Amino acid sequence: QVQLVESGGGLVQPGGSLRLSCAASGSIFYIAAMGWYRQAPGKERELVAGIGNGGSTNYADSVKGRFTISRDNAKNTVYLQMNSLKPEDTAVYYCNARLRATVTNPIRDYWGQGTQVTVSS
């Protein structure tokens, strides 16, 4: 019922920029938070950046000062502006939404299918 659709991934050279977007659609009663996770080959999925309902943000230490998360509440969309990209940023990036689908459902996490980001010269 709930779908998260990511876009904006691709191939970029070190030092370049990409902007990811994720739109949540379907049955959505309330979104508590949205964020971005990533998973590189051989590594665990890790939080990259998150943004709460009140606008608070948090970032992984490895991306602080380079990435910026933002949201458009009216469109149920979250963005991730990625600057000064490094080869170490190469991973599949997954959109996450912590939301209540209906008034009778509990809050739970929903995930997008992922979008590939490759940083290489």
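Computed from a prediction, not measured in an experiment: that's the story for all the values here.

**Some thoughts on the overall build of the protein chain**
Secondary structure assignment for the protein chain yields zero helices and 11 strands. Counting from the amino terminus, the protein chain carries its helices and strands in the arrangement β-β-β-β-β-β-β-β-β-β-β. Radius of gyration (C-alpha) of the protein chain: 14 Å, near the 14 Å computed for a compact globule of 121 residues. Along the longest, intermediate and shortest principal axes, the C-alpha atoms of the protein chain span 50 × 25 × 25 Å. Scored against the burial criterion, the 121 residues of the protein chain give a buried share of 40%. Pairs at least 24 apart in sequence give 54% of the contacts found in the protein chain among residues at least 6 apart. In the structure as shown, the protein chain presents an accessible area of about 6500 Å², 46% of it carried by carbon and sulfur atoms. Distance between charge centres in the protein chain, computed from 12 positive and 8 negative side chains, equals 5 Å.

**A word on the nonpolar core**
The nonpolar side chains of soluble globular proteins are, as a tendency, buried together. By size, the foremost hydrophobic cluster in this structure holds 31 residues, and its most contacted members are W36, L80, M82 and Y93. Counting residues per element, the ones that place at least two in this core are β3 (18-25), β4 (30-39), β5 (46-52), β7 (67-72), β8 (77-82), β9 (91-100) and β11 (115-119).

**With respect to a nonpolar patch on the surface**
Among the surface-exposed residues, F29, Y30, V103 and I107 lie close enough to one another that they form a single nonpolar patch of about 400 Å² accessible area. Mapped onto the elements of the fold, I107 is located in the loop between β9 and β10 (108-111). Residue I107 is classed as partly exposed on the basis of its relative accessible area of 39%.

**Brief notes about the pairing of strand β1 (residues 3-7)**
The two faces of β1 differ: L4 and E6 on one face are buried, but Q3, V5 and S7 on the other face are not. Relative to β3, β1 runs antiparallel, the two sharing five bridges. Across the sheet, V5 pairs through a bridge with A23, a residue of β3.

**Focus: the sheet that holds β8**
Pairing is antiparallel in the open sheet, where four strands are placed in the order β1-β3-β8-β7. Unpaired on one side and paired on the other, β1 and β7 mark the two borders of the sheet. The mean angle between the axes of side-by-side strands here comes to 15°, regardless of whether they run parallel or antiparallel. Looking at chain direction, β7 and β8 are connected through six bridges and run antiparallel. Note on β8: the bridge partner recorded for R71 is V78.

**Description of the state of the cysteines**
Applying the stated criterion across every chain yields a total of one disulfide. One disulfide bridge connects C22 with C95, the sulfur atoms lying 2.0 Å from each other. Linking C22 and C95, the disulfide has an S-S dihedral of approximately -85° and is accordingly described as left-handed. Linking C22 in strand β3 with C95 in strand β9, this pair joins segments that are 73 residues apart in sequence.

About the criteria used
Residues numbered from 1 in each chain as written. Predicted model: local features only at pLDDT ≥ 70, side-chain atom pairs only at ≥ 80, totals over all residues. Heavy atoms only, no water. Helix = DSSP H or I, 4+ residues; strand = E, 2+ residues; numbered from the N terminus. Rg over C-alpha atoms; globule rule 2.2 N^0.38 Å. Buried < 20%, exposed > 50% of the residue type's maximum accessible area, 1.4 Å probe, protein only. Contact = heavy atoms within 4.5 Å. Areas by Shrake-Rupley, 256 points an atom, 1.4 Å probe, with all protein chains shown as cover. Lys, Arg positive; Asp, Glu negative; His and termini not counted. Charge placed at Lys NZ, Arg CZ, Asp CG, Glu CD. Core = buried A, V, L, I, M, F, W, Y, C linked by side-chain atoms within 4.5 Å. Patch = residues over 30% accessible without salt bridge, like charges linked within 9 Å, V, L, I, M, F, W, Y side chains within 5 Å. Salt bridge = Lys/Arg side-chain N within 4 Å of Asp/Glu carboxyl O. Pairing = 2+ DSSP bridges. Axes fitted to C-alpha atoms, helices over the stretch in contact; angles between N-to-C directions. Disulfide = S-S within 2.5 Å.

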